[in-house]
Amino acid sequence: MEKKNKRKLGARVEQLIKEYLRAYGFDILEMNYRCGQGEIDIIAKEKEYYVFIEVKYRSTLQYGTPQEAVGIAKQKRICGAAKYYLYTHALGEFTPVRFDVAAVMGNKISYIKNAFELV
């Protein structure tokens, strides 16, 4: 699949997750947040929690499940970007945060709360 089509598909899947989150009462704060430390697909607020969400899509299991693609190195980049976001938005170290993964397999969404800890 060429890169342009992958980007379009990624944008569609992220939009689907954005709508899913809104339906469950999340406030969407940022989409595709980028900084020197990394990227976060979606930053949202659920009650008092700032939620950093990684969106992963797979059409087949050929390369494993979507959630398996969020390995330790990816988690560290997301955490680095989250720390930078918190710092630049003057949110203190006691701000409640959570790291979730929205795993999309074909048309099925598996939403994993607390998928990993801040590292």
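Structure: see above.
Reference entry: report on the structure contained in this document. If you're wondering where the values come from, they're calculated on a predicted model, not measured in any experiment.

What counts as what
Residues numbered from 1 in each chain as written. Predicted model: local features only at pLDDT ≥ 70, side-chain atom pairs only at ≥ 80, totals over all residues. Heavy atoms only, no water. Helix = DSSP H or I, 4+ residues; strand = E, 2+ residues; numbered from the N terminus. Rg over C-alpha atoms; globule rule 2.2 N^0.38 Å. Areas by Shrake-Rupley, 256 points an atom, 1.4 Å probe, with all protein chains shown as cover. Pairing = 2+ DSSP bridges. Phe/Tyr/Trp six-rings, centres within 6.5 Å; stacked < 30°, edge-to-face > 60°. Buried < 20%, exposed > 50% of the residue type's maximum accessible area, 1.4 Å probe, protein only.

## Side note on the overall build of the protein
Inference 1: Scanning the protein from N- to C-terminus turns up two helices and five strands.
Inference 2: Reading the protein from its N terminus to its C terminus gives the helix and strand order α-β-β-β-α-β-β.
Inference 3: Taking 14 Å as the expected radius of gyration for a compact globule of 119 residues, we find that the protein reaches 14 Å, a close match to that expectation.
Inference 4: Along the first, second and third principal axes, the C-alpha atoms of the protein reach 40 × 30 × 25 Å.
Inference 5: Put simply, the protein shows about 7,400 Å² of open surface, and 49% of that area lies on carbon and sulfur atoms.

## What to know about the pairing of strand 5 (residues 108-116)
Inference 1: Where strand 4 (residues 97-105) and strand 5 come together, six bridges link them in antiparallel fashion. When the bridges of strand 5 are listed, M105 appears paired with K108.

## Concerning the packing of aromatic side chains
Inference 1: With the rule as written, the count across this model stands at seven aromatic pairs.
Inference 2: Judged by centre distance (4.9 Å) and plane angle (45°), the ring pair of Y20 and Y24 falls under tilted.
Inference 3: Judged by its relative accessible area of 24%, Y20 is partly exposed.
Inference 4: A ring pair is formed by F99 and F116, whose centres lie 5.1 Å apart and whose planes are at 25°; its orientation type is stacked. With F99 in strand 4 and F116 in strand 5, the pair connects residues that are 17 residues apart, well separated along the chain.
Inference 5: Through a chain of ring-to-ring contacts, the aromatic side chains of Y33, F52, Y85, F99 and F116 assemble into a single cluster.

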